[in-house]
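Report on the structure
Chain by chain, the residues:
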Amino acid sequence: MAFTCATGKHRRPSRVKRTTTNAVGVAALTTTGVIGALAAPAFAAGTPVEQTGLIRAVSMGDEVAAKIDAQAAAQRQAAELKKAEEAARKRAAQKAAQEGAAKARAAREAERRRLNAFVAPIFHSYVSTGYKTGGSLWSSGSHTGIDFHAASGTPVHAVGSGTVVETGWGGAYGNQIVIRMNDGTYTQYGHLSSIGVSAGQRVTPGQQIALSGATGNVTGPHLHFEARTSPEYGSDMDPVAYLRAHGVNV
C-alpha cells in the first residue's frame, strides 16, 4: 500500500509540547547562568515577595527583650536604692546609738561631778566670825566653827553629798543637823530656826536642809558651821580650809 504525505506544510506543535520545550529551555538557560542574569532585573522590578512573619517575630522579640532589660535594670536600681536606704538607716541608727551613749556618759559624768561637788552652806553670804576666834562666848574658850551671816529664815544647804546622822536640839548649838559626808568627814549646822531633813536621809550638794535662826547660845541670827572628823563635839577642823579644799571659795 502506498502512503502519501502533504507537501509544503508542517503541523504546529501542540501546546503541551510547546510548554514542555519552553520548560526544557528555561532549565537549560538556568543551568548556563543566562536566565539568572536576565531574570534578576525583572524579579527586582516586580511585586515584592510577601512577608512570611519572621521579621515581625524578630521585632516583637526585640521589644520583649528590651522590656525585660528595662525591668531588670529597674529592679537592680530598686534593689540598690533599698540597699542604700538600709545602709543609711543602719548608719543613722548607729550614730543615734553612739550619740545616745555619749549623752548618757556625759549625763553620768555631770551627775558624778555634781554629787562630788561642794557648795557654801549659805549662798551669797560671808564668814562673819572665823575659826578659833577666842572669847567668853564659847565654853571651850574659842570658836569651834565659823559663822555665816544670815537673817532668820535664810535657806541652809548641805555643802556636799552625805547622810544625815543627827537632827534636833544640840544644847548651845540650838537646833542642829549633823551630816556624814561621802568622804567620811562630818559637817554640822547650828542655831537653826527649822529643820527640813531627818536622820538617815541622803542629801546632795546644794540641797536645802533647814532655815537659819537664832536658837541656842547666840547673840543674833546666823548659821554656825563646823567641819569634823567625827559626829562628836571636839573633833572639829578648820571649816574654811575644808571648804576651800573642796573648791568652795569662802
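1. Things to note about the side chain of Thr144
Tracing the sequence through the fold places Thr144 in the loop between β1 (127–129) and β2 (146–149). Looking at Thr144, its side chain comes within polar contact range of the side chain of Tyr173, at 3.4 Å. When sequence neighbours within four positions are dropped, the list of residues in contact with Thr144 reads Tyr131, Tyr173, His224, Glu226, Tyr233 and Asp236.

2. Examining the packing of aromatic side chains
Enumeration over the complete set of coordinates arrives at 4 aromatic pairs. Seen in terms of ring centroids, Phe148 and Phe225 are 6.4 Å apart; in terms of plane orientation they differ by 70 degrees. Their pairing is edge-to-face. One end of the pair, Phe148, is in strand β2; the other, Phe225, is in strand β9 (residues 222–228), and 77 residues separate them in sequence. The two residues Phe148 and Phe225 agree in class, both being buried. These aromatic residues form a ring-pair network of at least three members: Phe148, Tyr189 and Phe225.

3. Re the pairing of strand β6 (residues 186–195)
Across the 10 residues of β6, 7 count as buried, placing the element largely inside the fold. The pairing of strand β5 (residues 175–181) with β6 spans 5 bridges and is antiparallel. Residue pairing across strands places Arg180 opposite Tyr186, the latter belonging to β6. The hairpin turn running from β5 into β6, its antiparallel successor, is 4 residues long, and Gly184 in that turn takes a positive phi close to 95 degrees. Where β6 lies against β9, 5 bridges are found, and the strand directions are antiparallel.

About the cut-offs
- Residues numbered from 1 in each chain as written.
- Predicted model: local features only at pLDDT ≥ 70, side-chain atom pairs only at ≥ 80, totals over all residues.
- Heavy atoms only, no water.
- Helix = DSSP H or I, 4+ residues; strand = E, 2+ residues; numbered from the N terminus.
- Polar contact = N/O pair within 3.5 Å; in protein donor to acceptor, adjacent residues only side chain to side chain.
- Contact = heavy atoms within 4.5 Å.
- Phe/Tyr/Trp six-rings, centres within 6.5 Å; stacked < 30°, edge-to-face > 60°.
- Buried < 20%, exposed > 50% of the residue type's maximum accessible area, 1.4 Å probe, protein only.
- Pairing = 2+ DSSP bridges.

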